[in-house]
Amino acid sequence: MALSRNIATSLVLFSLLLFHLTQAEELMSFCGAPSPSPQAQTIDCGEACQGRCKLSKRLNLCKRACGSCCAKCNCVPPGTAGSHEYCPCYANLTTRNKICKCP
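As the structure is a computational prediction, the values presented were derived from the model and not from experiment. (Residues numbered from 1 in each chain as written. Predicted model: local features only at pLDDT ≥ 70, side-chain atom pairs only at ≥ 80, totals over all residues. Heavy atoms only, no water.)

A. Just the overall build of the chain, in detail. Looking only at helices and strands, the chain features four helices and zero strands. Overall, the chain shows an N-to-C arrangement of helices and strands of α-α-α-α. Expressed as a percentage of its 103 residues, the buried residues of the chain come to 17%. Counting contacts in the chain only where the partners sit at least 6 residues apart, residues at least 24 apart contribute 46% of the total. Approximately 8000 Å² of the chain is accessible, and the part contributed by carbon and sulfur atoms is 62%. (Helix = DSSP H or I, 4+ residues; strand = E, 2+ residues; numbered from the N terminus. Buried < 20%, exposed > 50% of the residue type's maximum accessible area, 1.4 Å probe, protein only. Contact = heavy atoms within 4.5 Å. Areas by Shrake-Rupley, 256 points an atom, 1.4 Å probe, with all protein chains shown as cover.)

Shown next as structure tokens:
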């Protein structure tokens, strides 16, 4: 009886550990954190910034700022504006005057 109780407890603890690891991996991929693989994958900043800046009135300025932010963060939020929660690094970059640097 005690042996089956120990096995059941071990199975429950193992399943909780597995669930926790799965949730942590999903959170890392959602937040844009680098993958644990030896080679971090890089995105095509030119293409990503082209999509981000396509509605901008100052296209060259937008692409230059976006490219700089993308190079530092290796991510660009989806859409043409907002959505900074998908790339916290991109959202936290500021100019010397504490203005958001990234479009």
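B. Structural view of the packing of helix α2 (residues 45–53) against helix α3 (residues 59–73). Orientation of α2 relative to α3, taken along the N-to-C sense of each, is 135 degrees, at an axis distance of 9 Å. Here α2 lies oblique to α3, going by the angle between them. The handedness of the crossing between α2 and α3 is right-handed. For the pair α2 and α3, contact is made by C45, C49, Q50, R52 and C53 and by L59, C62, K63, C66, G67, C70 and A71, respectively. Within the contact of α2 with α3, the residues separate by chemical class into eight nonpolar, two polar and two charged. (Axes fitted to C-alpha atoms, helices over the stretch in contact; angles between N-to-C directions. Parallel < 35°, antiparallel > 145°, perpendicular 65-115°, else oblique. Left-handed = near helix turned anticlockwise from the far one by under 90°. Nonpolar A, V, L, I, M, F, W, Y, C, P; charged D, E, K, R; others polar.)

C. Local environment of unusual backbone geometry. Backbone geometry at S83 places phi at a positive 55 degrees, although glycine is not the residue there. Mapped onto the elements, S83 comes out in the loop between α3 and α4 (88–92). With a phi angle near 65 degrees, K98 is a residue other than glycine that sits in the positive phi range.

D. Main features of the nonpolar core. Membership of the largest hydrophobic core comes to 14 residues, with the highest contact counts inside it found for C66, C73, V76 and Y90. Taken together, the elements giving at least two residues each to this core come down to α2 and α3. The dominant element in this core, judged by the number of residues it contributes, is α3, at five residues. Contacts of C66, omitting those with residues within four sequence positions, involve C49, R52, C53, V76, Y90 and P103. (Core = buried A, V, L, I, M, F, W, Y, C linked by side-chain atoms within 4.5 Å.)

E. The arrangement of the state of the cysteines in detail. Following the criterion strictly, the structure yields six disulfides and no others. Each sulfur in the disulfide pair C53 and C62 lies 2.0 Å from the other. Measuring handedness by torsion sign, the sulfur bridge of C53 and C62 sits at about -80 degrees and is left-handed. Comparing C53 with C62, the two get one shared label, buried. Disulfide pairing places C75 opposite C87 at an S-S distance of 1.7 Å. (Disulfide = S-S within 2.5 Å.)

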